[in-house]
Amino acid sequence: MRTATARAHPNIALVKYWGKRDEELILPAAGSLSLTLDGFATTTTVSLDPSAAEDRFTLNGAAASPTQSERVTRFVDLVRSRAGSSSPAVVRSRNEAPTGAGLASSASGFAALAVAAATAYGLDLDRADLSRLARRGSGSATRSLVDGLSIWHAGDDAASFAEPIDGPAMSMVIVTVDAAEKAVSSREAMRRTAATSPYYAGWVDSTAHSLREMTTACRAGDFTRVGEITELNALRMHAAIEACEPSIRYLRAGSVAVFDAVEQLRADGIEAYATADAGPNVVVISRPADAAAVAERLGGLGAVRVVGAGPGARLIPEEDCA
Ligand code: PMV
């Protein structure tokens, strides 16, 4: 039985991906830039099982929901068709982060699955091709193939992968204000934003511009500018999302309290900047030397965890993911 185990970490975007120009190939409307984290790992084992009738997918030891299983099978179908195989697979996955709470578990999930499935089915793919493959599972997974700071290029299928980019050292303080599953998936919310938000076109244009500015700031090691662009880009994304019909609000009162506290931190001379994905939880970036102070100040607003830059998805020796 051919089997492979891979581990991947989520990434948090400093310039967000929000909107597709191709739903089938998952090509983004604009490029994005993120930091791959050193916490909240997903570990996934893929084992070929030619005698099985269909794929089996377990998540944290329990059978996954039909929706989750379907998404995994659709992804493994892509790998099977490239490998010329018809063998079903057993996929066992373990997630350290709460699934669906805006902590990008789909990014680590599909990055780990891409590496484990490609290997188990015998595909010989380089990092860019693995990144392109992961993209087909979930857009943000494209960036989790890369260590640390990662830039995902917009473009056609061949050009749309992620690569490393240099930048200032930073820590991320994750403030979990609510670990419940989000009400509207990012996939559906992206569609609705593109279809109904009057600010969508402005969002896409401004993001392309922010990405150019962010690239310059990263290369210059300019933490302040990186932070300013990060917070502005997140607020612009949420403004575009809130303006769709029917409206979607991911930021809750607890999230806004963290943004307020971060503003106060800056007023007090500690440089910190907030961002949030498709959920209520807030991620605060700071210089590594300030992370403990930031975490202490935000501790009353949710569960806090300090993380730094982590590795891109990779194979690891087999271990029990059951
Ligand atoms: O990969 P998806 O479809 O879950 O989209 C993720 C979108 C955000 O996390 C909100 C932004 C980003 O760039 O990661």
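Residues numbered from 1 in each chain as written. Predicted model: local features only at pLDDT ≥ 70, side-chain atom pairs only at ≥ 80, totals over all residues. Heavy atoms only, no water.

Student: Before we go on, may I ask you to explain the site of the ligand in this structure?
Tutor: Inspection of the region around the ligand gives 13 residues, with Y17, S138, S140, R143 and S186 positioned closest. Side-chain polar atom of S140 to an oxygen atom of the ligand: 2.6 Å apart, as the coordinates give it. Here the ligand loses 95% of its free accessible area of 380 Å² to cover by the protein chains. Here the shell around the ligand is built from residues that sort into 5 nonpolar, 5 polar and 3 charged. (Near = heavy atom within 4 Å. Polar contact = N/O pair within 3.5 Å; in protein donor to acceptor, adjacent residues only side chain to side chain. Areas by Shrake-Rupley, 256 points an atom, 1.4 Å probe, with all protein chains shown as cover. Nonpolar A, V, L, I, M, F, W, Y, C, P; charged D, E, K, R; others polar.)

Student: Would you take a moment to explain the sheet that holds strand β12 (residues 171-176) for this structure?
Tutor: Strand pairing in a sheet takes place through backbone hydrogen bonds and is either antiparallel or parallel in direction. Read from one edge of the open sheet, 4 strands run β13-β14-β12-β15, paired in antiparallel fashion. The open sheet has two edge strands, β13 (272-275) and β15 (303-307), and neither has a second partner. With strand direction ignored, the average angle separating the axes of adjacent strands in the sheet is 25°. Direction of pairing for β12 relative to β15: antiparallel, over a ladder of 5 bridges. Bridging across to β15, T176 finds its partner in A303. (Pairing = 2+ DSSP bridges. Helix = DSSP H or I, 4+ residues; strand = E, 2+ residues; numbered from the N terminus. Axes fitted to C-alpha atoms, helices over the stretch in contact; angles between N-to-C directions.)

Student: Any chance you could explain the environment of S69 here in plain terms?
Tutor: By the element assignment, S69 lies in helix α1 (residues 66-83). Residues S69 and F57 lie 12 residues apart in sequence; the distance between their C-alpha atoms is 5.9 Å. The residues contacting S69, other than those within four sequence positions of it, are F57 and A64. (Contact = heavy atoms within 4.5 Å.)

Student: Explanation requested: the domain arrangement of the protein in the structure shown.
Tutor: Partitioning the protein into structural domains gives domain 1 (3-167) and domain 2 (171-307). Using C-alpha coordinates to define each centre, domain 1 is positioned 23 Å away from domain 2. Listed per partner, the contact involves 37 residues of domain 1 and 44 residues of domain 2. Taking both partners together, domain 1 and domain 2 bury about 3200 Å²; carbon and sulfur atoms supply 67% of that area. Broken down residue by residue, the surface that domain 1 buries against domain 2 is led by L14, K16 and W18, which jointly contribute 28%. For the interface between domain 1 and domain 2, the tally reads 3 salt bridges. The partner of E23 in a salt bridge is R191, and the shortest N-O contact between them spans 3.3 Å. There are 8 residue pairs in polar contact (both at pLDDT 80 or more) connecting domain 1 and domain 2. Breaking the side of domain 1 that touches domain 2 down by element, the ones donating at least two residues are β2 (11-15), β5 (32-36), α1 and β10 (149-152). If one sorts the elements of the side of domain 1 that touches domain 2 by residue count, β2 sits on top with 4 residues. (Domains from an automatic or database assignment. Buried area = accessible area lost by both parts, 1.4 Å probe. Salt bridge = Lys/Arg side-chain N within 4 Å of Asp/Glu carboxyl O.)

Student: Any chance you could explain the layout of surface pockets here in plain terms?
Tutor: Empty space left among the atoms is revealed by rolling a probe the size of a water molecule over them. Within this model, the second largest pocket holds a volume of roughly 250 Å³. Lining the second largest pocket we find E23, E24, I26, R71, R74, F75, L78, F110, R136, G137, R187 and R191. Where the lining of the second largest pocket is concerned, the elements lending two or more residues are α1 and α4 (186-196). In the lining of the second largest pocket, the residues fall into 4 nonpolar, 1 polar and 7 charged. (1 Å grid on protein atoms, 1.4 Å probe; cavity = no way out; pocket = protein on both sides within 12 Å on 5 of 7 lines; lining within 4 Å. Points joined across faces, edges and corners; volume = space filled by probe spheres on them.)

Student: Would you mind showing me how to read the sheet that holds β5 here?
Tutor: Strand order in the open sheet formed by 4 strands is β2-β5-β10-β11, with antiparallel pairing between adjacent strands. Both outer strands of the open sheet, β2 and β11 (162-164), are each paired with one neighbouring strand and no more. When the angles between neighbouring strand axes are averaged without regard to direction, this sheet yields 35°. Pairing of β10 with β11 involves 3 bridges; the strand directions are antiparallel. Looking at the pairing, S150 lines up with P164 of β11. Helix α5 (residues 200-219) rests against β2, β5 and β10 of the sheet, and its axis sits at about 105° to β2.

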